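Here is how the chains run, residue by residue.
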Amino acid sequence: MELQINMSEKVTEVTQREMIRIIGLFRKQGFKGNYLSFQHVADEGAAYFVVMGDENNGNQGLFKANLLTGEVEFQYMLDEDHVVSK
């Protein structure tokens, strides 16, 4: 039996291991909140978009995290014009 892998199909689902590494990166930099969404950044290897929510006031922000460089960058606050699709 032969296993064929189509390299043109990109893996888009973030694994549990990746999520744990991303959360560790955020915590290392002092971020606190609820992690609502994780998504690979297209064509950027170890980069991810992460939506975090503030448990106190319900605000949500979009961040970009890079596991290779250890950088976490705030992108923008989510509002009615910027929402995360479910």
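Above this text is the structure in question.
Residues numbered from 1 in each chain as written. Predicted model: local features only at pLDDT ≥ 70, side-chain atom pairs only at ≥ 80, totals over all residues. Heavy atoms only, no water.

Enquirer: When you look at the nonpolar core in this model, what are you seeing that I'm missing?
Expert: Inside soluble globular proteins, nonpolar side chains tend to come together where they are buried. By size, the foremost hydrophobic cluster in this structure holds 15 residues, and its most contacted members are Ile-22, Phe-26, Tyr-35, Phe-38 and Val-50. Contributions of two or more residues to this core are made by helix H1 (16-28), strand S1 (34-40), strand S2 (47-53) and strand S3 (60-66). For this core, the element with the highest residue contribution is H1, accounting for four residues. The contact partners of Val-50, leaving out residues within four places of it in the chain, are Ile-22, Phe-26, Tyr-35, Ser-37, Phe-38, Gly-61, Leu-62 and Phe-63. (Core = buried A, V, L, I, M, F, W, Y, C linked by side-chain atoms within 4.5 Å. Buried < 20%, exposed > 50% of the residue type's maximum accessible area, 1.4 Å probe, protein only. Helix = DSSP H or I, 4+ residues; strand = E, 2+ residues; numbered from the N terminus. Contact = heavy atoms within 4.5 Å.)

Enquirer: Honestly, the sheet that holds S2 in this entry has me stumped. Any pointers?
Expert: Either a parallel or an antiparallel arrangement is found when strands of a sheet pair, and the pairing is made through backbone hydrogen bonds. With antiparallel pairing, the four strands of this open sheet are ordered in space as S1-S2-S3-S4. The open sheet has two edge strands, S1 and strand S4 (71-78), and neither has a second partner. For this sheet the average axis-to-axis angle between neighbouring strands, irrespective of direction, equals 25 degrees. With seven bridges joining them, S2 and S3 adopt antiparallel strand pairing. Note that in S3 the partner of Gly-53 across the bridge is Gln-60. Sheet contacts for H1: S1, S2, S3 and S4; angle to S1, the most-contacted strand, approximately 120 degrees. (Pairing = 2+ DSSP bridges. Axes fitted to C-alpha atoms, helices over the stretch in contact; angles between N-to-C directions.)

Enquirer: Looking at this structure, how should I read the pattern of salt bridges?
Expert: Pairing is possible between side chains of opposite charge, provided their charged atoms come close. Summed over all chains, the structure comprises one salt bridge. Note that Glu-44 is salt-bridged to Lys-64, the shortest N-O span being 3.0 Å. Residue Glu-44 is located in the loop between S1 and S2, and its partner Lys-64 is located in strand S3; the two are separated by 20 residues in the primary sequence. For Glu-44, a relative accessible area of 36% puts it in the partly exposed group. Under the relative-accessibility criterion, Lys-64 is labelled partly exposed at 21%. (Salt bridge = Lys/Arg side-chain N within 4 Å of Asp/Glu carboxyl O.)

Enquirer: Where do I start with the packing of aromatic side chains in this structure?
Expert: Two measures describe an aromatic ring pair: the distance that separates the ring centres and the angle between the ring planes. Overall, the coordinates contain six aromatic pairs when judged by the stated rule. Through pairs of rings, three or more aromatic residues link up here, namely Phe-26, Phe-31, Tyr-35, Phe-38, Phe-63 and Phe-74. (Phe/Tyr/Trp six-rings, centres within 6.5 Å; stacked < 30°, edge-to-face > 60°.)

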